[in-house]
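Fold and contact review
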Amino acid sequence: MTPLYISNDIYRRSSYGGKHPLAVPRVSVCTDLCRALGWLPDDVFRNAPMATEAQLTRFHDPAYVAALRQAERDQAVTPSVRDRFRINADGNPVYREVFSRPAISAGGVMLAARLTAERGIAHCPGGGTHHGRADRAAGFCFLNDPVLGLLTWLDHGFDNIVYLDIDAHHGDGVQDAFHGDRRVLTISLHEAGRWPFTGLAADTAGGTARNFPLPAGCNDSEFAHVIDTAVLPLIRARRPQAIMLQAGADGLEEDPLAKLSLSNNAHRAVVQAIRPLAPRLAVLGGGGYNPWTTGRCWALIWGTLNDHPIPDRLPPEAEAVLRGLTYPRAAGRNPPDHWFTTLQDAPRDGPIRDAVRRMTEEALSA
């Protein structure tokens, strides 16, 4: 079946504001690149709907959903709401679409689950808010759209699902939501010692999770070692009915919020490896705070899902998308030329450190 692309124009006009890491465009960059490359005809595009209150409260506390909706109306919260729900606290700002945007992300991921209920592939780069808690915001995430998407699959009767998270930050909200639930295996590859400071190799969430904390500077070869020797065997042994991939791009070397050293070839290789392992695949976005590297990575994923040949040099229309971006950080003042002219990075291979081998063995034996 032809993969489907799910998005919404809200990502084009919405920003967390000011100097927040999510003040930069990401999903719209991916969409515009795919269109400029001729990879996104209208017949494969689906508009992400806003999730209803009933859908959101399948996981989230109704009082929290109401508070989030009120925060958007008032563009402010009271101290008691802030303290209880962590809205306008801990990097979770009140911004213009503070309810609408995450509700549309949730609606998009749930739509991806419904559209793949029979079988198929869906890419929803606006999804991936994996830190959100049932009753509070956390880690820039106001709702937990991966949890809501996984629950949608479970509501369709599936009982053997793999959630794979390759964001630089541990997918704590998803793991905790399915702690001890044998129907969902959560697997997370993330940077060790980085917020939220969870996801140790010994943490199995009651036997329903595997965690692979990667050392700073993790290169493509080390990442591939973990995928090839641990993650793929785990998935093959389980033979899942469906796989959800959270493809956060903050593990890329140029991202400002982590210290991994991956190229986007790592993400491409994961997509290529897991695509044949289940009849249903939903690919989400996630972290990623450099607009060039994040947009290029997610567009590369879409091209990979469709088996499109990746051009050595982008056509002028796609290059114009990238040259039109601005980035209020040091890296944005003099960006390298390949951020404008290519989609696929040069590989960042290197030695596989003993620490990576030991961590992989520890996680598998946990």
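My aim in this report is to walk through the structure given alongside it, one point at a time. The structure presented is a predicted model; accordingly, all values stated were derived computationally and were not measured.

**Structural notes on the overall build of the protein**
- Within the protein, the regular secondary structure consists of 15 helices and 8 strands.
- Against the globule reference of 21 Å for 366 residues, the protein gives a C-alpha radius of gyration of 19 Å, in line with a compact fold.
- The principal-axis extent of the C-alpha atoms belonging to the protein is close to 50 × 50 × 40 Å.
- The 366 residues of the protein split such that 61% are buried.
- Taking contacts inside the protein between residues at least 6 apart in sequence as the whole, the part at least 24 apart equals 78%.
- Entry remark: accessible area of the protein is about 13800 Å², with carbon and sulfur atoms responsible for 50%.

**Remarks on the sheet that holds strand E6 (residues 209-214)**
- Overall, parallel pairing links the 8 strands, which are arranged E2-E1-E3-E8-E7-E4-E5-E6 in an open sheet. Edge positions in the open sheet fall to strand E2 (45-47) and E6, since each of these has one partner strand only. Taking each pair of neighbouring strands and ignoring which way they run, the sheet shows an average axis angle of 15°.

**Side note on the side chain of Thr 152**
- Structurally, Thr 152 can be placed in helix H7 (residues 145-155).
- Using a relative accessible area of 10% as the deciding quantity, one classes Thr 152 as buried.
- Here Leu 148 takes part through its backbone oxygen, which lies 2.8 Å from a polar atom of the side chain of Thr 152.

**Observations concerning the pattern of salt bridges**
- Counted according to the given criterion, the structure contains 23 salt bridges.
- The salt bridge involving Arg 35 is made with Asp 42; its shortest N-O contact spans 3.6 Å.
- Residue classification places Asp 42 among the exposed positions, given a relative accessible area of 64%.
- For Arg 86, the salt bridge goes to Asp 83, with nearest N and O atoms at 3.9 Å.
- With relative accessibility at 46%, the residue Asp 83 sits in the partly exposed group.

**As for the pairing of strand E5 (residues 184-191)**
- Most of E5 is tucked away, with 8 of its 8 residues classed as buried.
- Both strand E4 (residues 161-165) and E5 contribute to a ladder of 5 bridges, which runs parallel. Paired with Leu 164 across the strands is Ile 187, a residue of E5.
- Following the backbone out of E4, through helix H8 (residues 172-177) and into the adjacent parallel E5, one traces a crossover that is right-handed.
- Bridge count for E5 against E6 is 6 bridges, and the pairing is parallel.

**A short note on the packing of helix H2 (residues 27-36) against helix H12 (residues 316-323)**
- Relative orientation of the contacting elements H2 and H12 amounts to 165°, with a least axis distance of 8 Å. Between H2 and H12, the angle falls in the class roughly antiparallel. Between H2 and H12 lies a crossing of right-handed hand. Counted together, Val 29, Asp 32, Leu 33 and Ala 36 of H2 and Glu 317, Ala 318, Val 321 and Leu 322 of H12 form the full contact between these two elements.
- Here the residues of the contact of H2 with H12 are counted per class, giving 6 nonpolar, no polar and 2 charged.

**Looking at the layout of surface pockets**
- Approximately 440 Å³ is the volume attributed to the largest pocket.
- In terms of lining, the largest pocket is formed by 32 residues, of which the most central are Leu 22, Gly 139, Phe 140, Cys 141 and Tyr 289.
- Split into classes, the residues belonging to the lining of the largest pocket amount to 15 nonpolar, 12 polar and 5 charged.

**Focus on helix H4 (residues 62-74)**
- The terminal C-alpha atoms of H4 lie 18 Å apart, and with 13 residues this matches the ideal 18 Å at 1.5 Å per residue to within 8%.
- Listed as buried for H4 are Tyr 64, Val 65, Ala 67, Leu 68 and Ala 71. The buried side chains of H4 occupy one side of the element, clustering within an arc of 160° when seen end-on.
- Tucked into the core, H4 has its buried residues touching helix H3 (53-56) and helix H5 (79-85).
- Gln 75, located one to two residues past H4, shows a positive phi value of around 55°.

**A short note on the packing of aromatic side chains**
- Taken as a whole and assessed by the stated rule, the structure comprises 10 aromatic pairs.
- With a centroid separation of 5.2 Å and 80° between ring planes, the pair formed by Tyr 5 and Trp 302 is classed as edge-to-face. Of this pair, Tyr 5 sits in strand E1 (residues 4-7) while Trp 302 sits in helix H11 (residues 291-305), placing them 297 residues apart in sequence.
- Measuring from ring centre to ring centre gives 6.0 Å for Trp 292 and Phe 340, while their planes differ by 75°; the resulting arrangement is edge-to-face. In this pair, Trp 292 is assigned in helix H11 and Phe 340 in helix H14 (residues 338-341), connecting sequence segments 48 residues apart. Residue Trp 292 shares its accessibility class with Phe 340, and that shared class is buried.

**Some remarks on H2**
- Extensive coverage of H2 is indicated by the burial of 7 of its 10 residues.
- Turning to H2, its buried residues are Val 27, Ser 28, Val 29, Cys 30, Thr 31, Leu 33 and Cys 34.
- Where H2 is buried, its residues meet E1, helix H1 (10-13), strand E3 (120-124), H11 and H12.
- Just beyond H2, the residue with positive phi is Gly 38, at close to 75°.

The rules behind these values
Every chain's residues receive numbers from 1 upward, in the order its sequence appears when written. Totals for whole chains, interfaces and linings use every residue, but because this is a predicted model, local features are given only for residues with pLDDT of at least 70 and side-chain atom pairs only at 80 or more, for both listing and counting. Side-chain descriptors were evaluated using all non-hydrogen atoms of the structure, hydrogens and water having been removed beforehand. To qualify as a helix, a DSSP run of H or I must reach at least 4 residues; to qualify as a strand, a run of E must reach at least 2; elements of each kind are numbered from the N terminus. For a compact globule the rule gives 2.2 Å times the number of residues to the power 0.38, and the radius of gyration it is set against comes from C-alpha atoms. Throughout this description, buried means an accessible area under 20% of the type-specific maximum (1.4 Å probe, protein chains only), exposed means over 50%, and partly exposed covers the range between. Contacts between residues were defined by any pair of non-hydrogen atoms, one from each residue, lying within 4.5 Å. Note on areas: Shrake-Rupley, 1.4 Å probe, and residue coverage restricted to the protein chains presented here. Strand pairing requires that DSSP identify at least two bridges connecting the strands. Lines fitted to C-alpha atoms define the axes here, with helix axes fitted over just the stretch in contact, and angles between the N-to-C directions of these axes take values from 0 to 180 degrees. Two N or O atoms count as a polar contact when they lie within 3.5 Å, although within protein this holds only if one can serve as hydrogen donor and the other as acceptor, and sequence-adjacent residues are included solely when both atoms are side-chain atoms. What makes a salt bridge here is a side-chain nitrogen of Lys or Arg within 4 Å of a carboxyl oxygen of Asp or Glu, nothing more. Handedness of a crossover is defined as follows: orient the strands so they point away from the viewer, and if the path from the first strand over the helix to the second runs clockwise, the crossover is right-handed. Put simply, angles under 35 degrees are roughly parallel, angles over 145 are roughly antiparallel, angles from 65 to 115 are roughly perpendicular, and the rest are oblique. Crossing handedness is read from the near helix: turned anticlockwise from the far helix by less than a right angle, it gives a left-handed crossing, and turned clockwise, a right-handed one. Following the grouping adopted for this structure description, the nonpolar residues are Ala, Val, Leu, Ile, Met, Phe, Trp, Tyr, Cys and Pro, the charged ones are Asp, Glu, Lys and Arg, and the polar ones are all others, Gly among them. Points on a 1 Å grid, built from protein atoms alone, make a cavity when a 1.4 Å probe fits but cannot get out and make a pocket when they are open with protein on both sides within 12 Å along at least 5 of 7 lines; residues with an atom within 4 Å of a point are the lining residues. Grid points are joined across faces, edges and corners, and a volume is the space filled by probe spheres set on the points. One less than the number of residues in a helix, times 1.5 Å, gives the span that helix is expected to have. As used here, the arc is the angular range of directions from the helix axis to the C-beta atoms. Only the six-membered ring of Trp is used, alongside the rings of Phe and Tyr, when aromatic pairs are assigned; centres must lie within 6.5 Å, and planes under 30 degrees apart are stacked while those over 60 apart are edge-to-face, with the rest tilted.

Keep in mind that these numbers describe shape and distance, not what the molecule does.
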